[in-house]
Amino acid sequence: MTTTCSMCGFSFCNMDRQLSPAASTESRRQQLRSRLSELNSQFELIIAERQTLLAESEAIVYPILSLPVETTIEIFQCCADSETDSSPSPSKAPLLLTQICRQWRKIALHAPEVWSSLHFRDEYPVELLELWISRSGGFPRDFSLHARDPPRAGALIETCIAHADHWWDVKIGILLSSVPQLALSGISFPMLHSVSFDIYQRIGNEVITDVITIQNAPLLREVHTLTLPDVRFNIPWWQLTTLSLRQTLDTAECIAILAGSPNLIHLTVYTNGPGSTSLVMPSLESLTCNLAGGHTILECLTLPHLTRLTLYGIVEVAEVNVLNAFLRNSECHLVFLSISIPDTDRHTLMLCLRSIPDSVTEAEFSWQPRSFPRDLFAELRSLDVLPHLAKLCLRTGRLKQYHYQSLVDMLVVRRQATPPRGPLESLSLYVKTYSQSGLDVDPRNGPNASTMTQLRKLASAGLKIKVTLSARLTWSTQVVLDTV
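Residues numbered from 1 in each chain as written. Predicted model: local features only at pLDDT ≥ 70, side-chain atom pairs only at ≥ 80, totals over all residues. Heavy atoms only, no water.

1. Comments concerning the overall build of the chain
(1) Moving on: The number of helices and strands found in the chain is 11 helices and 21 strands.
(2) Moving on: Within the span of the chain, comprising 484 residues, buried residues form 43% of the whole.
(3) Moving on: In the chain, 60% of the contacts between residues at least 6 apart in sequence involve partners at least 24 apart.
(4) Moving on: When the accessible area of the chain is evaluated, it comes to approximately 25,700 Å², of which 54% is carbon and sulfur surface. (Helix = DSSP H or I, 4+ residues; strand = E, 2+ residues; numbered from the N terminus. Buried < 20%, exposed > 50% of the residue type's maximum accessible area, 1.4 Å probe, protein only. Contact = heavy atoms within 4.5 Å. Areas by Shrake-Rupley, 256 points an atom, 1.4 Å probe, with all protein chains shown as cover.)

Below is the structure:
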């Protein structure tokens with residue numbers, strides 16, 4: 001068909017060239033092939049670049065990854081041991097260590113010693129406990145179980161007992177209602193060295209008179225209990241070297257246990273009621289007991305080799321007399337003495353301090369908040385009291401600034417001691433502060449700038465000093481001076 005232009009009269013052929021469907025498909029296919037070829041080229045370039053980067057990455061040597069496996073395992077163990085709560089948390093060692101890199105994961109998973117400690121609560125599934133046990137090569141050497149949910153406690157206890165042949169240091173905290181599930185009678189514990197029981201009761205009148213039995217445990221040396229009076233123990237007392245009976249026992253019952261424990265070296269015990277039997281324990285070197293309450297285990301014991309003594313509750317002159325009689329009968333060479341002073345008058349305090357043997361070189365005094373014995377530092381200024389004192393530890397509630405000044409005055413006198421008396425070498429002071437919220441450390445309860453200057457002067461002269469402030473309702477602490 002011919003078309004003529006109306007303006008110029010030029011004639012031309014108007015050919016309508018439309019592509020056929022087959023031609024259109026082929027054109028699209030060619031476009032896609034071309035684009036695919038471009039993408040393939042780009043992909044090959046990316047792959048080549050990736051290989052180059054991988055090669056460069058593999059060539060990089062991280063110093064920590066070049067350590068011998070044995071050294072890395074020791075570092076892993078230190079990371080796990082440093083945790084205050086070795087719970088199976090992915091944000092804590094050792095689970096955290098498995099997330100760093102493939103090499104560390106491989107090392108951690110094949111090192112049973114890294115998994116040798118576990119503090120397990122019933123909020124975690126039993127499958128996680130079984131996994132941890134498998135990684136530890138049998139059972140964690142340092143293991144604690146705290147279960148407050150009886151239905152879940154049963155499965156966890158059963159899993160632990162299944163590995164009793166690997167128990168080493170085990171701590172079990174359960175409700176009184178779960179004690180029947182702790183069926184240990186007839187089970188062999190060939191590796192068990194230390195066991196601790198913390199059995200508590202919910203609000204109610206729950207009464208269970210079960211006996212926890214551990215007999216076939218030739219290596220058992222330490223037993224620690226914090227239980228209700230309803231629970232009794234059948235344990236080879238005679239082979240123990242360390243025993244903590246932190247529940248309050250009848251004095252006569254306690255003496256019966258101690259009479260069957262001739263090899264004890266360390267003992268912690270709280271008693272009430274009179275005791276009529278005297279007992280000599282020639283192996284005992286360390287004793288912690290209560291003194292307040294009218295009766296004390298000290299009235300029944302003679303300990304000729306005692307070197308460390310911790311007492312809770314000196315209030316009255318009668319208790320000081322009991323301490324004097326005990327020290328006189330035992331004729332021991334006491335080196336360390338710790339005394340908790342709830343509240344007492346100056347006369348009783350003076351008698352208590354002057355009853356301490358001259359052999360004591362380490363002393364610790366603690367008292368309840370707001371009951372600071374204001375005359376303590378004044379009494380300690382006398383070098384006739386603890387004449388050879390080298391290490392002093394004080395644990396107190398809030399102190400006023402004049403208390404701090406009295407403390408400094410006492411330290412100056414003690415540092416100037418000359419033979420035959422000995423100078424004080426170190427002071428550790430722990431002060432529980434009282435902020436408005438009770439949650440934060442309040443530095444205003446600590447020593448002021450003037451006192452800190454005097455303490456630093458003493459430190460520069462050779463006295464080792466550590467002053468720590470802590471919050472009243474939390475475990476948060478702040479070290480304001482440390483030259484130890």
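2. Brief notes about helix 6 (residues 251-259)
Along an α-helix, a turn takes 3.6 residues, which lines up residues three or four apart on a common side.
(1) Moving on: Along helix 6, the residues that are buried comprise T251, C254, I255, I257 and L258. With its buried residues spanning 160° around the axis, helix 6 presents them on a single face. Set apart from the buried face of helix 6 by more than 90 degrees, the exposed residues are A256 and A259.
(2) Moving on: Residues of helix 6 that are buried in the fold lie against strand 10 (242-250), strand 11 (266-272), strand 12 (279-280) and strand 14 (301-302).
(3) Moving on: By the N-cap criterion, in which a side-chain oxygen at the helix start approaches the backbone nitrogen of a residue two or three places on, helix 6 is capped by D250, the distance to A252 being 3.1 Å. (Arc of directions from axis to C-beta. Polar contact = N/O pair within 3.5 Å; in protein donor to acceptor, adjacent residues only side chain to side chain.)

3. With respect to unusual backbone geometry
(1) Moving on: For the bond running from A93 to P94, omega is 5°, close enough to zero to count as cis.
(2) Moving on: The omega torsion of the bond from P419 to P420 falls at 10°, within 30 degrees of zero and hence cis.
(3) Moving on: Position of P420 relative to the elements: it lies in the loop between helix 10 (401-415) and strand 19 (426-432).
(4) Moving on: The backbone of E331 shows a phi angle near 50°, a positive value even though the residue is not glycine.
(5) Moving on: Note that E331 resides in the loop between helix 7 (317-330) and strand 16 (336-340).
(6) Moving on: Although it is not a glycine, L386 sits at a positive phi angle of roughly 50°.
(7) Moving on: Structurally, L386 can be placed in the loop between helix 9 (376-380) and strand 18 (391-396).
(8) Moving on: Among the residues examined, L386 registers a relative accessible area of 1% and is labelled buried.

4. With respect to the packing of helix 4 (residues 126-135) against helix 5 (residues 150-161)
(1) Moving on: Remark: helix 4 packs on helix 5, axes separated minimally by 10 Å, with the N-to-C direction vectors making an angle of 15°. Regarding the angle of helix 4 to helix 5, the classification is roughly parallel. For the element pair helix 4 and helix 5, the recorded crossing hand is right-handed. Seen from helix 4, the contacting residues are V126, L129, E130 and I133; seen from helix 5, they are A155, L156, T159 and C160.
(2) Moving on: A breakdown of the residues in the contact of helix 4 with helix 5 according to their chemical character gives 6 nonpolar, 1 polar and 1 charged. (Axes fitted to C-alpha atoms, helices over the stretch in contact; angles between N-to-C directions. Parallel < 35°, antiparallel > 145°, perpendicular 65-115°, else oblique. Left-handed = near helix turned anticlockwise from the far one by under 90°. Nonpolar A, V, L, I, M, F, W, Y, C, P; charged D, E, K, R; others polar.)

5. Section: the environment of T72
(1) Moving on: Mapped onto the elements, T72 comes out in helix 2 (residues 69-81).
(2) Moving on: T72 gets classed as buried once you look at its relative accessible area, which sits at 5%.
(3) Moving on: If near-sequence neighbours (up to four positions away) are discounted, T72 is found in contact with I64, L67, W104 and I107.

6. Section: the nonpolar core
(1) Moving on: In terms of nonpolar packing, the biggest core is built from 124 residues, with W167, L243, L258, L287, F365, L392 and L394 touching the most fellow members.
(2) Moving on: The contact partners of L394, leaving out residues within four places of it in the chain, are F365, W367, L376, F377, L407, L427, S428, L429 and Y430. (Core = buried A, V, L, I, M, F, W, Y, C linked by side-chain atoms within 4.5 Å.)

7. Concerning the pattern of salt bridges
(1) Moving on: All chains considered together, the criterion is met by 8 salt bridges.
(2) Moving on: With a closest N to O distance of 3.1 Å, E38 and R35 form a salt bridge. Of this pair, E38 and R35 both sit in helix 1 (residues 21-59), 3 residues apart, which is roughly one turn of the helix.
(3) Moving on: Bridged by salt links that share partners, the residues D142, D169 and K171 form one connected network. (Salt bridge = Lys/Arg side-chain N within 4 Å of Asp/Glu carboxyl O.)

8. Brief notes about empty space enclosed by the protein
(1) Moving on: All told, the structure shown has 1 cavity of 30 Å³ or more when counted by the stated rule.
(2) Moving on: Taken as a whole, the largest cavity encloses approximately 50 Å³ of empty space.
(3) Moving on: Residue lining of the largest cavity: F143, L145, I157, C160, I161, W167, V170, I172 and L182, and that is the complete set.
(4) Moving on: Looking at the lining of the largest cavity, the elements with two or more residues in it are strand 4 (142-147), helix 5 and strand 5 (169-175). (1 Å grid on protein atoms, 1.4 Å probe; cavity = no way out; pocket = protein on both sides within 12 Å on 5 of 7 lines; lining within 4 Å. Points joined across faces, edges and corners; volume = space filled by probe spheres on them.)

9. Quick notes on the pairing of strand 3 (residues 117-121)
(1) Moving on: Of the strand pairs in this sheet, strand 3 and strand 4 are connected by 5 bridges, and their pairing is parallel. The partner of F120 across the bridge, within strand 4, is L145.
(2) Moving on: As for the winding sense of the linkage, the β-α-β connection from strand 3 through helix 4 to strand 4 is right-handed. (Pairing = 2+ DSSP bridges. Right-handed = clockwise from strand over helix to strand, strands pointing away.)

10. Focus on the packing of aromatic side chains
(1) Moving on: On inspection of all chains with the given rule, the structure shows 8 aromatic pairs.
(2) Moving on: With a centroid separation of 5.5 Å and an interplanar angle of 50°, the aromatic rings of F120 and Y124 are classed as tilted. With respect to burial, F120 and Y124 carry one shared label: buried.
(3) Moving on: Here the aromatic residues F139, F143, W167 and F189 are joined through ring pairs into a cluster of three or more.
(4) Moving on: The aromatic ring of Y200 is capped on one face by R148, whose charged end is 4.3 Å from the ring centroid.
(5) Moving on: Here R308 stacks its cationic end above the ring of F336, 4.0 Å away from the centre of that ring. (Phe/Tyr/Trp six-rings, centres within 6.5 Å; stacked < 30°, edge-to-face > 60°. Lys NZ or Arg CZ within 6 Å of the ring centre and 35° of its normal.)

11. Concerning the side chain of S261
(1) Moving on: Here S261 shows up in the loop between helix 6 and strand 11.
(2) Moving on: Relative accessible area serves as the criterion here: at 0%, S261 is assigned to the buried category.
(3) Moving on: One polar contact links the side chain of S261 to the main-chain carbonyl oxygen of I257, over a distance of 2.9 Å.
(4) Moving on: Residues contacting S261, with those up to four places away along its chain left out, are W237, W238 and M281.

12. Focus on helix 11 (residues 449-460)
(1) Moving on: In this model helix 11 runs 16 Å from its N-terminal to its C-terminal C-alpha over 12 residues, within 8% of the 16 Å that 1.5 Å per residue would give.
(2) Moving on: Taken as a whole, helix 11 has its buried residues at T451, M452, L455, L458 and A459. For helix 11, the arc enclosing every buried residue in end-on projection is 120°, short of the 170-degree limit, so these residues lie on one face. Residues of helix 11 that are exposed and angled more than 90 degrees away from the buried face: A449, T453, K457 and S460.
(3) Moving on: The inward-facing, buried residues of helix 11 abut helix 10, strand 20 (464-470) and strand 21 (477-482).
(4) Moving on: Taking the backbone nitrogen of S450 as reference, a side-chain oxygen 3.3 Å away marks N448 as the first, capping residue of helix 11.
(5) Moving on: Among the residues trailing helix 11, G462 stands out with phi positive, at a value near 120°. (Expected span 1.5 Å × (residues − 1).)

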